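# Residue-level structure breakdown
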Amino acid sequence: MIARVVVDVPASSTDRLFDYEIPERFTETVQVGTRVTVPFGPRKIQGFVVDIKDKPDTERKLKTINDVRDVEPVLTEELIHLGFWMAEQTACFAISAFQAMLPAALKASYKKEIRVCEGNEPELPEPLQTLFSSGRRVLWDDVAKEAGDLLPAIQRHVRTGELEVVHHVRDGMGKKTERYVLPAVKKDRLIEERKALSDRAFQQKRVLDFFVESDEPVLLKELLVAIDTSRATVNALVKKGLLKQEDRETYRDPYRENSFRPSKPLRLTEEQEAAIAPIAAAVSKGVHETILLHGVTGSGKTEIYLQAIADVLRRGREAIVLVPEIALTPQMVSRFKGRFGSQVAVLHSGLSKGEKYDEWRKIQRREVTVAVGARSAVFAPFSNIGLIIIDEEHESSYKQEETPRYHARDVAIRRGEAHRCPVVLGSATPALETYARAEKKVYRLASLKERINRKALPAVQVVDMRQELRNDNRSMFSSLLFDALKQRIAAGQQSVLLLNRRGFSTFLMCRDCGFVPECPHCDISLTYHKNVSALKCHYCGYKQSPPDACPSCESTYIRFFGTGTQRVEEELAKVLPEARVIRMDVDTTSRKGMHEKLLRTFADRKADILLGTQMIAKGLDFPNVTLVGVLAADSMLHLPDFRSAERTFQLLTQVSGRAGRHELPGEVVVQSYTPSHYSIELASRHDYMTFYQKEMEQRRLRKYPPYYFLALVTVSDPDVTKTAAIAEKIAAHLKGALTERAIILGPVTAAIPRIKDRYRYQCVIKYKREPELIRALKEIQEHYGKPAQNKDLQISIDLTPQLLM
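The structure displayed is predicted, hence computed values, not measured ones. (Residues numbered from 1 in each chain as written. Predicted model: local features only at pLDDT ≥ 70, side-chain atom pairs only at ≥ 80, totals over all residues. Heavy atoms only, no water.)

### Looking at the overall build of the protein chain
Helix and strand counts for the protein chain come out as 24 helices and 33 strands. Taking 805 residues into account, the globule formula puts the C-alpha radius of gyration at 28 Å, and the protein chain, at 31 Å, falls close to it. By principal-axis analysis of the C-alpha atoms, the protein chain measures approximately 90 × 75 × 65 Å. Counting every position in the protein chain, which comprises 805 residues, the buried fraction comes to 52%. If you take every contact in the protein chain between residues at least 6 apart in sequence, the share linking residues at least 24 apart comes to 74%. (Helix = DSSP H or I, 4+ residues; strand = E, 2+ residues; numbered from the N terminus. Rg over C-alpha atoms; globule rule 2.2 N^0.38 Å. Buried < 20%, exposed > 50% of the residue type's maximum accessible area, 1.4 Å probe, protein only. Contact = heavy atoms within 4.5 Å.)

### Let's talk about the nonpolar core
By size, the foremost hydrophobic cluster in this structure holds 91 residues, and its most contacted members are Leu75, Phe98 and Leu610. Examining the composition of this core, we find that 6 residues originate from one element, helix α1 (residues 77–90), more than from any other. Residues within four places of phenylalanine 98 in sequence aside, it is in contact with Val6, Phe48, Val50, Leu75, Leu79, Ile80, Gly83 and Phe84. Formed by 29 residues, the second largest nonpolar core is a distinct cluster that contains Ile291, Phe336, Phe340 and Val344. (Core = buried A, V, L, I, M, F, W, Y, C linked by side-chain atoms within 4.5 Å.)

### Section: the pattern of salt bridges
Per the stated rule, a full pass over the model turns up 36 salt bridges. Among the ionic pairs, arginine 315 bridges to aspartate 311, the shortest N-O distance being 3.1 Å. Linking arginine 409 and glutamate 393 is a salt bridge whose minimum nitrogen-to-oxygen distance equals 3.0 Å. Pair noted here: arginine 409 is in helix α14 (residues 408–419) and glutamate 393 is in the loop between β16 (385–391) and α14, with a separation of 16 residues, a long-range link. (Salt bridge = Lys/Arg side-chain N within 4 Å of Asp/Glu carboxyl O.)

### As for the pairing of strand β32 (residues 758–767)
Among the 10 residues that make up β32, 9 are buried, leaving the element largely enclosed by the rest of the structure. For strand β30 (residues 709–717) and β32, the ladder comprises 9 bridges, and the chain directions are antiparallel. By the bridge assignment, aspartate 717 is partnered in β32 with tyrosine 759. Counting the residues in the hairpin turn of strand β31 (residues 743–755) and β32 gives 2 residues, including lysine 756, whose phi is positive at 55°. (Pairing = 2+ DSSP bridges.)

### Overview of the pairing of strand β17 (residues 423–427)
Across the 5 residues that make up β17, a large majority, 5, are buried. In this sheet, β17 lies alongside strand β12 (residues 290–295) in parallel orientation, the contact comprising 5 bridges. Among the inter-strand pairings, leucine 292 is bridged to a residue of β17, identified as leucine 425. Where β16 lies against β17, 4 bridges are found, and the strand directions are parallel. By the bridge assignment, aspartate 391 is partnered in β17 with glycine 426.

### A word on the sheet that holds β12
The 7 strands are arranged β14-β15-β13-β16-β17-β12-β18 in an open sheet whose pairing can be described as parallel. Both edges of this open sheet fall to β14 (344–347) and β18 (444–448), since each of them pairs with a single strand only. Each strand axis lies, on average, 15° off the axis of its neighbour in the sheet, ignoring direction. Relative to β16, strand β13 (residues 318–322) is paired through 5 bridges, and the arrangement is parallel. Of the residues in β16, the one forming a bridge with isoleucine 320 is isoleucine 388. Lying on the sheet, helix α11 (residues 301–314) is in contact with β12, β13, β15 (370–373), β16, β17 and β18; it crosses β16 at an angle near 170°. Helix-sheet contacts for helix α15 (residues 432–439) involve β12, β17 and β18, and the interaxial angle to β12 is about 115°. (Axes fitted to C-alpha atoms, helices over the stretch in contact; angles between N-to-C directions.)

### Quick notes on a positive patch on the surface
A contiguous patch of positive charge, built from Lys440, Lys703, Arg741, Lys768 and Arg769, is present on the exposed surface. The topology assignment puts arginine 769 in the loop between β32 and α24 (773–784). (Patch = residues over 30% accessible without salt bridge, like charges linked within 9 Å, V, L, I, M, F, W, Y side chains within 5 Å. Areas by Shrake-Rupley, 256 points an atom, 1.4 Å probe, with all protein chains shown as cover. Lys, Arg positive; Asp, Glu negative; His and termini not counted. Charge placed at Lys NZ, Arg CZ, Asp CG, Glu CD.)

### Concerning the packing of α15 against helix α22 (residues 688–702)
In contact at an axis separation of 11 Å, α15 and α22 are set at 100° when each is read in the N-to-C sense. Relative to α22, the element α15 is oriented roughly perpendicular. Counted together, Leu432, Glu433, Tyr435, Ala436 and Glu439 of α15 and Tyr688, Met689, Phe691, Tyr692, Glu695, Met696 and Arg699 of α22 form the full contact between these two elements. A per-class count over the contact of α15 with α22 returns 8 nonpolar, no polar and 4 charged. (Parallel < 35°, antiparallel > 145°, perpendicular 65-115°, else oblique. Nonpolar A, V, L, I, M, F, W, Y, C, P; charged D, E, K, R; others polar.)

### Side note on the side chain of arginine 583
Inspection of the secondary structure assignment puts arginine 583 in strand β26 (residues 581–584). In terms of polar contacts, arginine 583 uses its side chain to reach the side chain of aspartate 585, at 2.6 Å. When sequence neighbours within four positions are dropped, the list of residues in contact with arginine 583 reads Thr565, Gln566, Glu569, Thr588, Leu598 and Leu611. (Polar contact = N/O pair within 3.5 Å; in protein donor to acceptor, adjacent residues only side chain to side chain.)

### Some words on the packing of aromatic side chains
According to the stated counting rule, one finds 14 aromatic pairs in the structure shown. On the numbers, 5.3 Å between centres and 75° between planes, the contact of phenylalanine 210 with phenylalanine 211 is edge-to-face. By relative accessible area, which is 25% here, phenylalanine 210 ends up partly exposed. Measuring from ring centre to ring centre gives 6.1 Å for tyrosine 688 and tyrosine 692, while their planes differ by 20°; the resulting arrangement is stacked. Taken as a pair, tyrosine 688 and tyrosine 692 lie in helix α22 at a separation of 4 residues, close to a single helical turn. Each member of the pair, tyrosine 688 as well as tyrosine 692, is classed as buried. In this structure, lysine 766 packs its charged tip against the face of tyrosine 704, placed 3.9 Å from the ring centre. (Phe/Tyr/Trp six-rings, centres within 6.5 Å; stacked < 30°, edge-to-face > 60°. Lys NZ or Arg CZ within 6 Å of the ring centre and 35° of its normal.)

### Re helix α23 (residues 720–737)
For α23, which comprises 18 residues, the first-to-last C-alpha distance of 26 Å matches the rise-based estimate of 26 Å (1.5 Å per residue) to within 8%. Tucked into the core, α23 has its buried residues touching β30, β31, β32, α24 and β33 (794–798). At the N-terminal boundary of α23, the capping side chain belongs to aspartate 719, with an oxygen 3.0 Å from the backbone nitrogen of threonine 721. (Expected span 1.5 Å × (residues − 1).)

### Observations concerning the state of the cysteines
Two cysteines, two sulfur atoms, one covalent bond between them: this is a disulfide. Within this structure, the stated rule accounts for 0 disulfides. The closest cysteine sulfur to the non-disulfide-bonded cysteine 513 is located on cysteine 550, 3.7 Å from its own sulfur. We classify cysteine 513 as partly exposed; its relative accessible area is 39%. (Disulfide = S-S within 2.5 Å.)

Put into structure tokens, the structure is as follows:
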């Protein structure tokens, strides 16, 4: 039998299938979707078996598979087909697509070892004898690091057969085991042995009493606590052959400590009934359909998801729910765990590598039927999917910005087609591309125009901050927002303040000469972080101490400009000293579990104001929040990106939806220096349809999505001249290879011209139908993808770019 294998070498020359003979001992274990270790040149590397056939295509003698790495396949046949489709659609290598589908714990790590050949006592020179004095093997990396000058001698002795190089392939994470104790003999024998024990062995008697009452295996650590004894006591009984110990595999459960309150299905409103009907119909018929669930904030979309999933589970099928990373709050998890209990696996970046691995294995072993997670949960290895839901489908975090550059929405729809099941896209502010497809009947539209119990949407007031300046208010809070905050504190109600950036201040600037400290490795200004008193680069992590005087003109008039979350927190402490403030941003939530802890504190009403960045704009539902304030609402409007108006509208609408979701009415105050911009004006009226029509007109005039597709080619290299020259050659190649209908813009320097000492140039391709595009882009990849010729050069291709920066 012959296995067709995709090898773990992401390069143009190896982006194809390699045939390997399956040894007789592995004929039962090698299956499509299993990982194997194979010889590749002088190395041993990991590969994925994607096909098995009876005979080879060639007379040439084939190499043999060395080892099988999985008891059961890690990829289903459907996921293998999906991987090849992704490689085609995102212009990446097949191996990159397969690796993206697996948890980090299954990524292979390679170790190279130098070993003295067995049965050989070679005459090694003195330095090599010293190297092997502590054993017959040493790690290659250790030699390269500490005794690099010995490598030529080692290579000589490898050639003569006295030493050999051995390659090991390992996973990045082991399975977790816990020690259990159980009886090794029958109950009658335990009773006999207990009687025979002397009175001094009362601890051993207590342990035997425990197993006489229950002969079930018990965790060693739980047994020690339950009867207040020591390991020595248990070990003594194990030595006598009365008890035995076993290491059993166990899951790392991030939610073991949490008790989720079970919830029952709520009665749906007429509008909800009408919205769930097309989903239920597609599920019962077993047909694929993409359904856009367009519902205002607080209209009960989550309850529709829960009831649709319950219907799918009753039919013996599985469901995947995608939620944006920043909205995957404990609140969201508890809704699904409360309804479906242990049937739910949760996958998101807040979990450790081991926890993610264990949640993934529950899915692989069919121990759960619902996967809830961020972007990568779209690859959950289910084999009978009945429904895929993407909540807040407009979120840019559903797009992966590294290779493979897939969009979770496209992958979900492809999987929906393969499993003949509906895909539900839910949002209060759908992406323009999504709504345009619903208008054209490519997707089906289901609408929820009212909040549950016909609750009114919160009243939104836009404050012109230029007028506040004219009125001599130099504070970061308008008088309207300040008064509203004071009223809420007095009434015992809570407020949410959103600021669209983090840090203390956006930048430092010299008032005399205009000097702004920039990152020496990236063309971007440094951000001041007060808690560590440092200027930091948010792109490469570089940091330095803030200067006392201007490094350019030595003036002492160097001041902070802009507003960050730390700065707002400090200002609140000055003007509202009685307010209890929780700050949520990347700095305060970076430690594991902090996100959950801060939200629980706010939910328990131990704080008056929740201040944060975009992570507080979505998925939060607190009954006591009656005020939402937005500071610097227009900070995203001025980014060099055609989606900036859409993102501003979406963010303002989403954060406004956090207010007045229950009994108390809500109020929203939006502060802006460009209050007349249509995205701010229409968000204040909750008017998606007018915004959609206005923005669509802008996109049509400028030839942007959804009227045109976009592709982005980014060239980067430490040498600016080389970067510019290659970008020019790529643009010229595209102009010659594509049809006349394609519009090629550039090359131009990227909005941030340099990141991590690498210069960046970009070409944008706009097209409606371009049959030659993928072929032309693959030619570029193959031409410039030879590491020997272009050591530092990087070409990245994005066929669904969300950011053009």
